[in-house]
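Chains, contacts and geometry: an overview
Take a look at the letters that make up each chain.
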Amino acid sequence: MRTLPALLTATVLALPLVTAVASPLPEAEARTAAPASAWHHRLREAAPEGMVIGTAVAGGGHHEDQDYPDPFTHDRRYLRHMSQQFSSLSPENQMKWEFLRPDQDTYDFAAADAIVEYAEANGQVVRGHTLLWHSQNPDWLEEGDFSREELRTLLREHITTVVGRYSGRIDQWDVANEIFQEDGELRTEENIWIRELGPGIIADAFRWAHEADPSAELFLNDYNVDGVNPKSDAYYAFAQDLLEQGVPLHGFSTQAHLSLQYAFPGDLEDNLRRFDELGLNTAITELDVRMAPDGRHGRPSREQLAQQADYYRQALEACLNVEGCRSFTIWGFTDKYSWVPHFFEDEGYATVMTDRFQRKPAFYALLRTLAHAG
Ligand code: G3I
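Residues numbered from 1 in each chain as written. Predicted model: local features only at pLDDT ≥ 70, side-chain atom pairs only at ≥ 80, totals over all residues. Heavy atoms only, no water.

Describing unusual backbone geometry
We apply this condition: Under the scheme used here, helices are H or I runs from DSSP no shorter than 4 residues and strands are E runs no shorter than 2 residues, and both carry numbers assigned from the N terminus. Using a 1.4 Å probe on the protein chains alone, a residue whose accessible area is under 20% of its type maximum counts as buried, one over 50% counts as exposed, and one in between counts as partly exposed.
Between H129 and the following residue, T130, the backbone shows a cis peptide bond with an omega angle of 5°. Within the element layout of this structure, T130 appears in strand β3 (residues 125–132). Look at N224: it is not a glycine, yet its phi comes out positive at around 55°. Within the fold, N224 resides in the loop between β5 (217–222) and α13 (230–244). Overall, the relative accessible area of 35% leaves N224 in the partly exposed class. Within the chain, A256 stands out as a residue other than glycine whose phi angle is a positive 65°.

Here's the deal with the state of the cysteines
Defined as follows: The criterion for a disulfide is a pair of cysteine sulfur atoms lying within 2.5 Å.
Evaluation of the coordinates by the stated rule reveals one disulfide. Through a disulfide, C319 is tied to C325; the S-S separation comes to 2.1 Å. When the S-S torsion is -100°, as for the bridge of C319 with C325, the disulfide is left-handed. In this structure, C319 and C325 share a single accessibility class: buried.

What to know about the packing of aromatic side chains
Condition: Ring pairs are drawn from Phe, Tyr and Trp, using the six-membered ring of Trp, whenever the two centres fall within 6.5 Å, and their geometry is named by plane angle: stacked under 30 degrees, edge-to-face over 60, tilted for the rest.
Across all of its chains, the model carries 20 aromatic pairs by this definition. Through successive ring pairs, a cluster of aromatic residues spans Y68, Y78, F86, F333, Y337 and F357.

Observations concerning the site of the ligand
Rules: Residues are labelled near a given molecule or strand when at least one of their non-hydrogen atoms is within 4 Å of it. Polar contact is defined as a pair of N or O atoms within 3.5 Å, subject to the rule that within protein one atom must be able to donate a hydrogen and the other to accept it, and that residues adjacent in sequence are counted only when both atoms are side-chain atoms. Each accessible area is a Shrake-Rupley result for a 1.4 Å probe, and residues are judged covered by the shown protein chains and nothing else. By the convention adopted, Pro, Cys, Tyr, Trp, Phe, Met, Ile, Leu, Val and Ala count as nonpolar, Lys, Arg, Asp and Glu as charged, and the other residues, Gly among them, as polar.
Around the ligand sit 19 residues in total, of which H62, D65, E92, K96 and E286 are the nearest. Interatomic distance of 2.6 Å between a side-chain N/O atom of H62 and an oxygen atom of the ligand. Here a nitrogen atom of the ligand and a side-chain polar atom of E178 are 3.0 Å apart. Here the ligand has 800 Å² of accessible area as a free molecule, and 66% of this is covered by the chains. In terms of residue class, the shell around the ligand is made up of four nonpolar, nine polar and six charged.

Considerations on α13
Put simply, the rule reads: Between the first and last residue of a helix there are one fewer steps than residues, each counted as 1.5 Å, and that sum is the expected span. An arc is given here, and it is the one of the directions from the helix axis to the C-beta atoms. Note on contacts: a residue pair qualifies if any of its non-hydrogen atoms lie within 4.5 Å across the two residues.
Spanning 15 residues, α13 covers 21 Å between terminal C-alpha atoms, matching the ideal 21 Å at 1.5 Å per step. Within the span of α13, buried status applies to K231, S232, A234, Y235, F238, A239 and L242. On an axial view of α13, the arc spanned by its buried residues comes to 145°, and they lie on one face. Buried positions along α13 lie against α12 (200–212), β5, β6 (251–254) and α14 (268–276). Its side-chain oxygen 3.0 Å from the backbone nitrogen of K231, N229 forms the N-cap of α13. Remark: G246 follows α13 within two positions and exhibits a positive phi of approximately 80°.

Brief notes about the side chain of E347
As for its position among the elements, E347 is in the loop between α16 (340–343) and α17 (361–373). One polar contact links E347 to S259, side chain to side chain, over a distance of 2.8 Å. Within the structure, the side chain of E347 is placed 3.2 Å from the side chain of R290, a separation counted as a polar contact. Setting aside its immediate chain neighbours within four residues, E347 contacts S259, Q261, R290, M291, A292, V340 and P341.

Side note on the environment of F109
Among the secondary structure elements, F109 is positioned in the loop between α7 (97–100) and α8 (110–121). For F109, a relative accessible area of 9% translates into the label buried. C-alpha separation for the pair F109 and V162, spaced 53 residues apart in sequence, amounts to 8.8 Å. Beyond its immediate sequence surroundings of up to four residues, F109 is in contact with L100, T161, V162, R165 and Y166.

Overview of the pairing of strand β2 (residues 88–91)
In plain terms, the rule: Any two strands are treated as partners once DSSP identifies two or more bridges connecting them.
Residues of β2 alternate between two faces, with S88 and S90 on one and L89 and P91 on the opposite face, all of them buried. Note that β2 and β3 share two bridges and pair parallel. Residue pairing in the sheet places L89 in a bridge with V126 of β3.

A short note on the pairing of strand β8 (residues 281–290)
The buried fraction of β8 amounts to ten of the ten residues, a majority that puts the element mostly inside the structure. When β6 meets β8, the two strands line up parallel, connected through four bridges. Counted as the bridge partner of G251 is N281 from β8. Two strands pair when backbone bridges link them, and strand β7 (residues 257–259) and β8 are joined in this way by three bridges, in the parallel orientation.

Right, dumping it as structure tokens:
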């Protein structure tokens, strides 16, 4: 059972907005490139009206293997940037089954509650992540001996309880996460819900979530669906089908975990637009841009940081250019807590601030692009 230390008090929740720390070289260089009107703003303030700029809230998952304490409860500097810069928060792991359901009869809402309360205290919205997924499910669920009916009841109760608890307080839910494979087939074998209950369970998950909170926007969310490809084509057909059935599907979102070793998905905007034309909202939900550093001392070169900034800018511009794309989230804002080095042996430096919270060119690229759009 996870408990939140006393540090997370109302004082911390209502952090004062103070000016960010001074910046050494890369930031100073980036500032030179930014128009004066842009760089003294914060991301959340620079965003056009109606658009939220989000970050994942570090905690759980890979953080649990690290020697630092929980960032959300212990790192004041981290929290200060989070409240200053962002208007939307996505729990990185704290609303996943593994986290919320330590055993079949227990819900542990401590960390999720704290994030929702923090967001409310700081005028931020929340993206709920996630309800039906093949990964980060507890062992008691994956390895349990449940009948089909029992599994269906488990999922229904989970969705009703979790979505119902935050009814009216969570803007968007990733109801179904990563349900397709790269070849456009449903991820049937890996996903306990689809495997045991059939694909119809996905529509039911949306229906149950909508019943529990009619005001939340309900999303299909995945990675490698930035451009037009077999996987995003499968989502397009699937979304059309759900809409024809009258299923309460409100959005399609692409995670956008990008890498400098691949070209920027130049058809991102086209892809978002085709979902927009179905009448769905769209969102970018987990953007980061990783790289294998090729500069001195094993760090990114100036060219890499510039290229990374350009990827961030292009992703943001794609979203800004599509009317129903009003939620733009990066998967963490500091390299200090990024998931990337834990998953990709040779890659890292994927976020917009260094591990010491220095702003990279990518940060200024976002700020400039927002200021320009706003
Ligand atoms: O479950 C194993 C456990 O059995 C093992 O003992 C332990 C030892 O390291 O690892 C556990 O797995 C960890 C897992 O979280 C579950 O807690 C992994 O090491 C850890 O790396 C993992 O990290 C999270 C990852 O999701 C899991 O898929 C990251 O913190 C989180 O940032 C990441 O977020 C996902 C989004 O939810 C969905 N989109 C992709 C994104 C990046 O992978």
